[in-house]
Amino acid sequence: MILNLGCGLKKKEGWVNADINPSAGPDVLMDMDAAHLPFRDNVFHQVICDNVIEHLGDVLGVMEEIHRVCSHRAVVEIYTPHFSSDDAYTDITHRHYFGYRSFHIFEEGKSQFHYYTKAKYRILWTRIHFGRLWRGAGIEYLANKFPSFYESHWAFIFRAHQLSLHLEVLK
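Here the structure is a predicted model, which means the values were calculated and not measured.

Turning our attention to the overall build of the protein. Of the regular secondary structure elements, the protein holds five helices and seven strands. Counted from the first residue to the last, the protein has its helices and strands arranged as β-β-β-β-α-β-α-β-α-α-α-β. Scaling as 2.2 N^0.38, a compact globule of 171 residues should have a C-alpha radius of gyration of about 16 Å, and the protein matches this with 16 Å. If you line up the protein on its principal axes, its C-alpha atoms span 45 × 40 × 25 Å. Here the contacts in the protein between residues at least 6 apart in sequence split such that 66% fall between residues at least 24 apart. Accessible area for the protein stands at about 9,000 Å²; split by element, carbon and sulfur atoms hold 55% of it. Each charge sign in the protein was given a centre, from 18 positive and 20 negative side chains, and these centres are 6 Å apart.

Put into structure tokens, the structure is as follows:
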């Protein structure tokens, strides 16, 4: 089973489409910021969060709930505006901003703060995406080759558009 968490108007046939907005017509009407996702443990083998995680108040709590409802080795796909993107901070409904290393907290040994959560994931890959101009100029290649340097020195000169990552659930 695949969970399309925060589906909005991007409903997928054959998937469990969940959203807080009833006008989107989700299969499951739910508040993702609630303390508990309304699904049994270990039922999903894939979860997609397409431009939703930045809207949530308790990112750690939601990631722990996603971990609970996923089976071992399930893949969690996250797509969110990069913190340097105009899209990140011009939408007043966004509560959080994310960078290349934001989700390292879930992988032991990658963050000094891994003890903040019991949910464990392995980062399969992370990618910073740019518009055509910076992609064509090689900025996207350099930003992904040297993400810490890019985010420390170039992020507000060469603004990224989106951040995407795939995580593997570890149980």
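The subject of this paragraph is the packing of aromatic side chains. For the coordinates displayed, the defined rule picks out nine aromatic pairs. A ring pair is formed by Phe-149 and Trp-154, whose centres lie 5.2 Å apart and whose planes are at 90°; its orientation type is edge-to-face. We classify Trp-154 as partly exposed; its relative accessible area is 24%. Within the aromatic cluster, the residues linked to one another by ring pairs are Phe-98, Phe-103, Phe-106 and Tyr-121.

Turning next to the environment of Phe-156. Tracing the chain through its elements places Phe-156 in the loop between helix H5 (147-154) and strand S7 (162-170). Along the sequence, Phe-156 and Phe-83 sit 73 residues apart, while their C-alpha atoms lie 9.3 Å from each other.

What follows concerns the environment of Leu-165. With respect to the helices and strands, Leu-165 occurs in strand S7. Separated by 88 residues in the primary sequence, Leu-165 and Glu-77 place their C-alpha atoms 5.9 Å from one another.

In this section: the sheet that holds strand S1 (residues 2-5). With respect to topology, seven strands assemble into an open sheet ordered S3-S2-S1-S4-S5-S7-S6, the strand pairing being mixed. Both edges of this open sheet fall to strand S3 (28-29) and strand S6 (120-129), since each of them pairs with a single strand only. Pairing between S6 and S7: nine bridges, direction antiparallel. Across the sheet, Arg-127 pairs through a bridge with Ser-164, a residue of S7. Contacting S1, strand S4 (44-50), strand S5 (70-81), S6 and S7, helix H1 (residues 59-69) crosses the sheet at an angle of about 145° to S5.

The next subject is H5. Within H5, burial applies to Pro-147, Tyr-150 and Glu-151. Within H5, the buried residues cover an arc of 90° as seen down the axis, which keeps them to one side. Where H5 is buried, its residues contact S6 and helix H4 (139-145).

Now for the side chain of Asp-19. Along the chain, the position of Asp-19 falls in strand S2 (residues 16-19). A polar contact is formed between the side chain of Asp-19 and the backbone nitrogen of Asn-21, at a distance of 2.8 Å. Contact partners of Asp-19, with chain neighbours within four places excluded, come to Gly-6, Cys-7, Gly-8, Pro-26, Val-28, Leu-29 and Met-30.

Mapped onto the fold, Gln-46 is located in strand S4. A polar side-chain atom of Gln-46 sits 2.5 Å from a polar atom in the side chain of Glu-77. When near neighbours in sequence (up to four residues on either side) are disregarded, Gln-46 contacts Met-1, Ile-2, Leu-3, Ala-74, Val-75 and Glu-77.

How each quantity is defined
Residues numbered from 1 in each chain as written. Predicted model: local features only at pLDDT ≥ 70, side-chain atom pairs only at ≥ 80, totals over all residues. Heavy atoms only, no water. Helix = DSSP H or I, 4+ residues; strand = E, 2+ residues; numbered from the N terminus. Rg over C-alpha atoms; globule rule 2.2 N^0.38 Å. Contact = heavy atoms within 4.5 Å. Areas by Shrake-Rupley, 256 points an atom, 1.4 Å probe, with all protein chains shown as cover. Lys, Arg positive; Asp, Glu negative; His and termini not counted. Charge placed at Lys NZ, Arg CZ, Asp CG, Glu CD. Phe/Tyr/Trp six-rings, centres within 6.5 Å; stacked < 30°, edge-to-face > 60°. Buried < 20%, exposed > 50% of the residue type's maximum accessible area, 1.4 Å probe, protein only. Pairing = 2+ DSSP bridges. Axes fitted to C-alpha atoms, helices over the stretch in contact; angles between N-to-C directions. Arc of directions from axis to C-beta. Polar contact = N/O pair within 3.5 Å; in protein donor to acceptor, adjacent residues only side chain to side chain.

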